[in-house]
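This is what each chain is made of:
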Amino acid sequence: MSTGEQQKMKILINGCGAIGERHLRNLINHFRVQPAVFDINKDKLNEIGAKYGVKICEDFESALLDKPDIVFICTPNHLHVEFAVKAAKN
């Protein structure tokens, strides 16, 4: 890697509610990265994608095909394990 060149981490945020949006905003503002986002609520997903200009993913499995380095699980608590296991297996 040459001087001044940075490797970009691939980040996926799963869940576009208040917590997911807070993580997204912090990543954009403080770390200058553009994560991809996924949410089962397509209206919320499209709203967040348009508001922040980030890539939206229509389903979680296809989002994982992009091989994210980090996955933020920002879903309701009872769904954490399901999504975390899928992300870890990927």
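This text goes with the structure placed above it.
Residues numbered from 1 in each chain as written. Predicted model: local features only at pLDDT ≥ 70, side-chain atom pairs only at ≥ 80, totals over all residues. Heavy atoms only, no water.

Draft legend 1. Structural view of the packing of aromatic side chains. If you walk through the whole model with that rule in mind, you get two aromatic pairs. Pairing Phe60 with Phe83 gives two aromatic rings, centres 4.8 Å apart and planes at 80 degrees, and the pair type is edge-to-face. Placement of Phe60 in helix α3 (residues 60-64) and of Phe83 in helix α4 (residues 80-89) is noted, with a sequence separation of 23 residues between them. An identical accessibility class is assigned to Phe60 and Phe83; each is buried. (Phe/Tyr/Trp six-rings, centres within 6.5 Å; stacked < 30°, edge-to-face > 60°. Helix = DSSP H or I, 4+ residues; strand = E, 2+ residues; numbered from the N terminus. Buried < 20%, exposed > 50% of the residue type's maximum accessible area, 1.4 Å probe, protein only.)

Draft legend 2. Quick look at the sheet that holds strand β1 (residues 11-14). Within the open sheet, the four strands sit side by side as β3-β2-β1-β4. Their pairing is parallel. Each end of this open sheet is capped by a strand with a single partner; those strands are β3 (56-57) and β4 (70-73). Alignment of β1 against strand β2 (residues 36-38), held across three bridges, turns out to be parallel. Opposite Asn14, over in β2, you have Phe38 as the bridge partner. (Pairing = 2+ DSSP bridges.)

Draft legend 3. A look at the nonpolar core. Among the nonpolar cores identified, the biggest contains 13 residues, and Ile13, Leu24, Val37, Tyr52 and Val54 are the most heavily contacted of them. For this core, the elements supplying multiple residues, two or more each, are β1, α1 (18-31) and α2 (42-52). For Ile13, the residues in contact, after removing those within four places along its chain, are Gly20, His23, Leu24, Leu27, Pro35, Ala36, Val37, Phe38, Phe72 and Cys74. Residues Leu12, Ala36, Cys57 and Ala63 belong to the second largest nonpolar core, which totals nine residues. (Core = buried A, V, L, I, M, F, W, Y, C linked by side-chain atoms within 4.5 Å. Contact = heavy atoms within 4.5 Å.)

Draft legend 4. Structural detail: the pattern of salt bridges. According to the stated counting rule, one finds six salt bridges in the structure shown. Between Glu47 and Lys44 there is a salt bridge; the shortest N-O distance is 3.5 Å. Of this pair, Glu47 and Lys44 are both found in helix α2, three residues apart, which corresponds to roughly one turn of the helix. What makes Glu47 partly exposed here is its relative accessible area of 43%. Take Lys44: its relative accessible area is 23%, and that puts it in the partly exposed class. Counted as one network, the salt bridges with shared partners bring together Lys10, Lys55 and Asp66. (Salt bridge = Lys/Arg side-chain N within 4 Å of Asp/Glu carboxyl O.)

Draft legend 5. Examining the environment of Glu61 more closely. The topology assignment puts Glu61 in helix α3. Taking the relative accessible area as the measure of exposure, Glu61 reaches 43% and is therefore partly exposed. The spacing of Glu61 and Arg32 is 29 residues in sequence and 25 Å in space, taken between C-alpha atoms.

So yeah, pure geometry; function would need other evidence.
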